[in-house]
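Summary of the model geometry
Residues per chain, in single letters:
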Amino acid sequence: MMRNSIGNLYFKTAIVLLLTGMAAGIAMAASGNHSIYSAHAHLNLLGFVVTSIYGGYFTMFPAKAAGPLPKAVLGLHAAGTVAMFPSLSLVLLGHEAMEPVVAVASIIVFLGAVTFAVAVFREPKGSEGINERSKQAKPETSWWPDKSHEAAMIFGFAHYQN
């Protein structure tokens, strides 16, 4: 059984939001009413693209994925995005009374982005002296991972030879 890492949770959230955004797009096309296209675009951009980027970052930098901060980013970002889509859709359909909900949701998404910035710029715990240790580390002999020929083919470097 695979452990549910924070990066994996980001990607699962992104996929659910992508499918929701795509369903909204299909519903707009089927009805011929595209009045909520802006909410649809917000959901796809914030819900899929930004959530995927956040998840990719925490996957690439596992030391920064430790602790409660990445979970706070996901909670704020997902809650704000999920609240924004229906409330913005209602505003676009003429229900101006939902504008405060859109405003609060936008602020929550913004706070998620600020929290993400804190996660990016903070030094992970236990990173003191990491530059000194890395200077003493033995250099790698090759920049290709194991099975480098397969990696070369995947990335389109067919001319690469061992």
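These numbers were taken from a predicted model, which means no experiment stands behind them. (Residues numbered from 1 in each chain as written. Predicted model: local features only at pLDDT ≥ 70, side-chain atom pairs only at ≥ 80, totals over all residues. Heavy atoms only, no water.)

Looking only at helices and strands, the protein has 6 helices and 0 strands in total. In sequence order, the protein lays out its α and β elements as α-α-α-α-α-α. Considering only contacts in the protein between residues 6 or more positions apart, those separated by 24 or more positions represent 68%. Roughly 10,700 Å² of accessible area belongs to the protein as shown, and the carbon and sulfur atoms make up 69% of that amount. (Helix = DSSP H or I, 4+ residues; strand = E, 2+ residues; numbered from the N terminus. Contact = heavy atoms within 4.5 Å. Areas by Shrake-Rupley, 256 points an atom, 1.4 Å probe, with all protein chains shown as cover.)

Spanning 24 residues, helix α3 (residues 69-92) covers 34 Å between terminal C-alpha atoms, matching the ideal 34 Å at 1.5 Å per step. Of all bends in α3, the biggest is about 25°, found at M84, and the proline P86 comes one to four residues later. G94, located one to two residues past α3, shows a positive phi value of around 105°. (Expected span 1.5 Å × (residues − 1). Bend = angle between axes of the 7 residues up to and from the residue.)

Next up on the list: the environment of A65. Relative to the helices and strands, A65 is located in the loop between α2 (37-60) and α3. Accessibility expressed as a relative area gives 15% for A65, which makes it buried. Put simply, A65 and G7 are 58 residues apart on the chain and 7.8 Å apart in space, counted from C-alpha to C-alpha. Dropping the residues within four chain positions of it, A65 is found in contact with I6, F58 and P70. (Buried < 20%, exposed > 50% of the residue type's maximum accessible area, 1.4 Å probe, protein only.)

Mean pLDDT over the protein stands at 84; residues scoring 70 or higher make up 75%. Overall, residues 129-140 carries pLDDT values under 50, and its contacts beyond four positions in sequence, including any with other chains, amount to 2 contacts. Confidence drops under a pLDDT of 50 for residues 151-162, and excluding neighbours within four residues, the segment shows 14 contacts in the predicted structure. (pLDDT = per-residue confidence, 0-100.)

A separate point is the environment of F110. Mapped onto the elements, F110 comes out in helix α4 (residues 99-121). Judged by its relative accessible area of 56%, F110 is exposed. Separated by 30 residues in the primary sequence, F110 and G80 place their C-alpha atoms 8.5 Å from one another.

End to end, helix α1 (residues 6-31) covers 38 Å across 26 residues, agreeing with the expected 38 Å (1.5 Å per residue, within 8%). All of the buried residues in α1 are I6, G7, Y10, A14, L17, G21, A24, G25 and M28. On its buried face, α1 sits against α2 and α3. Just downstream of α1, G32 is the residue with a positive phi angle, here 75°.

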